[in-house]
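The residues making up each chain are set out below.
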Amino acid sequence: MMQGFTHWHPTRVVFSRGALNELGRVSEGLGKRALIVTGRTFAVKHGYLDLMRKLLEEKGVEAYSFPQVEPNPTLSTVKKCVEEAERVSADFFVAFGGGSVIDTAKAANVVYTLGGSVEDYLYPRTVEASLRPLIAIPTTHGTGSEVTKYSVLVDERTKMKVTVSGGALYPTVALMDPQVLVHLPRDQAAATGLDALSHAVEAFFSKRANPFSDMLALEATRIILENLPCAVEGVLDCREWMLYASMLAGYAINFTGTNVGHGLGYPLTTRLNLPHGLANAMILPGAALYYEALVPERARRFLSSLGLSYYPGGLRELLERVKLAVRAPARLRDLGVRKEELGEYVEDALRYQRNLQNAPFSVEREHVVRIFEEVY
Ligand SMILES: [Fe+2]
């Protein structure tokens with residue numbers, strides 16, 4: 001029997017080189033006052049903040065900015081963003097940045113529009129009410145956040161990754177301009193590209209996968225395998241394809257969520273400050289052990305759909321190869337983690353049941369221990 005699904009996706013996607021120049025046009029009808037949310041340097045250093053202000057002001061929109069989002073943004077950052085939206089009475093948001101920036105703007109929009117505090121909206125609650133418009137402009141090729149219903153944040157009190165999610169979080173517009181990616185540093189190209197890969201792989205190896213999400217995940221994986229190495233080298237055509245693939249993988253995880261790669265990867269980010277995409281990529285070869293052992297027919301189909309032959313250990317080797325091709329760290333021990341600390345990583349990971357429960361097998365403590373040992 002085919003796995004059923006529900007598909008509803010309200011985001012208008014505009015994807016082309018130079019699409020950023022359409023900002024004024026796509027903002028028409030969204031309101032008179034925009035809050036532009038960005039990271040601390042990229043948008044300012046490369047002149048994008050000034051350009052966006054100009055494009056909005058040409059259409060009679062007053063533009064304000066919140067250029068204060070850090071990597072792995074905290075709930076406090078969301079609160080500051082809400083305060084700024086309140087101060088300027090923003091009618092809509094423009095989020096220009098990687099996943100951190102887009103996720104901050106999404107969560108701030110929830111709180112700004114619906115009231116209360118960000119803690120009120122964390123998973124397991126889902127948010128379906130309609131919000132203020134939000135235009136997401138990705139500047140990395142990994143997150144997929146421009147088309148997802150998720151905002152991933154750090155709760156600084158518990159040091160846990162938390163999420164705000166639901167249909168309300170789909171951006172109004174995803175303005176996708178590959179040209180913006182010319183400035184993406186190599187290390188961020190590698191890390192964010194590996195995040196897109198982990199979305200695609202975890203979407204395929206998910207108990208919530210369906211034929212539609214499989215199509216998206218497989219096509220995303222195919223494009224990423226072909227284009228990630230040259231994207232890291234800075235070839236714009238490759239970065240353009242990566243931006244497209246990261247979007248496809250974003251659509252896929254709207255159906256499936258993420259599972260072992262993200263659940264076990266989060267502690268590497270919260271404890272070691274390892275970039276999110278690298279963290280997932282460290283874990284995936286270990287996760288592949290169980291994907292191959294416990295859902296072998298899926299592993300077989302994954303590899304054959306990519307034109308690769310199946311053999312025991314083949315999935316793991318593939319994931320290891322991609323990671324090393326972009327010079328990501330090889331093993332956990334290379335990051336200065338001591339073997340006796342692995343127990344703490346296991347405990348942390350087991351707290352991410354919202355991810356682990358999406359795995360295509362029932363994830364027990366023994367699996368988590370073995371995966372960390374395998375990638376150590
Ligand atoms: Fe991710």
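Bear in mind the structure is a predicted one, so any value in this text is a computation, not a measurement.

## Points about the overall build of the protein
Helix and strand counts for the protein come out as 15 helices and eight strands. The globule rule puts the C-alpha radius of gyration for 376 residues at 21 Å, and the 20 Å found for the protein is close to it. Based on the C-alpha atoms only, the size of the protein along its principal axes is roughly 60 × 45 × 40 Å. For the protein, the residues scored as buried account for 61% of the 376 residues in total. Considering only contacts within the protein whose residues lie at least 6 apart along the sequence, 77% involve residues at least 24 apart. Charge-centre separation for the protein: the mean point of 41 positive side chains lies 0 Å from the mean point of 42 negative side chains.

## Notes on the nonpolar core
Membership of the largest hydrophobic core comes to 78 residues, with the highest contact counts inside it found for V260, F302 and F372. The element best represented in this core is helix α8 (residues 236–256), accounting for 11 residues. A domain-level breakdown of this core finds at least three residues from each of domain 1 (12–180) and domain 2 (184–375). Core analysis: the second largest hydrophobic core is formed by 33 residues, F66, L75, A108 and L134 among them.

## With respect to the pattern of salt bridges
The final tally for this structure, using the stated rule, is 24 salt bridges. Linking E58 and K54 is a salt bridge whose minimum nitrogen-to-oxygen distance equals 3.4 Å. On the criterion of helical spacing, the pair formed by E58 and K54 is a turn pair, its members being four residues apart in helix α3 (residues 48–58). On the accessibility criterion, E58 (56% relative accessible area) is exposed. According to the relative accessible area criterion, K54 is partly exposed, its value standing at 45%. Of the charged contacts in the structure, one is a salt bridge between R370 and E374, with a shortest N-O distance of 3.3 Å. You can see R370 and its partner E374 sitting in helix α15 (residues 365–375), four residues apart, about one turn around the helix.

## A closer look at the environment of V94
Within the element layout of this structure, V94 appears in strand β4 (residues 92–97). Owing to a relative accessible area of 0%, V94 belongs among the buried residues under this scheme. In this structure the C-alpha to C-alpha distance between V94 and P133, which are 39 residues apart in sequence, comes to 8.7 Å. Leaving out residues up to four positions away in the same chain, V94 has contacts with L23, A34, L35, I36, V37, M52, L56, I135 and I137.

## Quick word on empty space enclosed by the protein
In total, this model carries one cavity of 30 Å³ or more according to the counting rule given. There is about 30 Å³ of room inside the largest cavity. Every residue along the wall of the largest cavity is listed here: L194, L197, A281, L284, L319, V322 and K323. Mapped by element, the contributors of at least two residues to the lining of the largest cavity are α6 (186–204), α10 (276–294) and α12 (314–325). Here the lining of the largest cavity takes three residues from α12, the largest share from any one element. Here the residues of the lining of the largest cavity are counted per class, giving six nonpolar, no polar and one charged.

## Quick look at the packing of α6 against helix α7 (residues 211–232)
A packed helix pair is summarised by two numbers, namely the angle formed by the two axes and the spacing between the axes. Running from amino to carboxyl end, α6 crosses α7 at an angle of 160°, the nearest separation of the two axes being 9 Å. Relative to α7, the element α6 is oriented roughly antiparallel. Crossing geometry of α6 relative to α7 is assigned as left-handed. On the side of α6, the interface is formed by R186, A189, A190, G193, L194, A196, L197, A200, A203 and F204, while α7 contributes D214, A217, L218, A220, T221, I224, L228, A231 and V232. Of the residues that constitute the contact of α6 with α7, the class distribution is 15 nonpolar, two polar and two charged.

## Some points on the coordination of the iron ion
Taken together, D195 (OD), H199 (NE2), H262 (NE2) and H276 (NE2) make up the protein donors of the iron ion, found 2.1 to 2.2 Å from the metal. Within one chain, the residues donating to the iron ion are spaced in sequence as D-x3-H-x62-H-x13-H. In this pair, D195 sits in helix α6 while H276 sits in helix α10, placing the two residues 81 residues apart along the sequence. For D195, a relative accessible area of 6% puts it in the buried group.

Conventions used here
- Residues numbered from 1 in each chain as written.
- Predicted model: local features only at pLDDT ≥ 70, side-chain atom pairs only at ≥ 80, totals over all residues.
- Heavy atoms only, no water.
- Helix = DSSP H or I, 4+ residues; strand = E, 2+ residues; numbered from the N terminus.
- Rg over C-alpha atoms; globule rule 2.2 N^0.38 Å.
- Buried < 20%, exposed > 50% of the residue type's maximum accessible area, 1.4 Å probe, protein only.
- Contact = heavy atoms within 4.5 Å.
- Lys, Arg positive; Asp, Glu negative; His and termini not counted.
- Charge placed at Lys NZ, Arg CZ, Asp CG, Glu CD.
- Core = buried A, V, L, I, M, F, W, Y, C linked by side-chain atoms within 4.5 Å.
- Domains from an automatic or database assignment.
- Salt bridge = Lys/Arg side-chain N within 4 Å of Asp/Glu carboxyl O.
- 1 Å grid on protein atoms, 1.4 Å probe; cavity = no way out; pocket = protein on both sides within 12 Å on 5 of 7 lines; lining within 4 Å.
- Points joined across faces, edges and corners; volume = space filled by probe spheres on them.
- Nonpolar A, V, L, I, M, F, W, Y, C, P; charged D, E, K, R; others polar.
- Axes fitted to C-alpha atoms, helices over the stretch in contact; angles between N-to-C directions.
- Parallel < 35°, antiparallel > 145°, perpendicular 65-115°, else oblique.
- Left-handed = near helix turned anticlockwise from the far one by under 90°.
- Donors = N, O, S within 2.8 Å, 3.2 Å for Na, K, Ca; no water.

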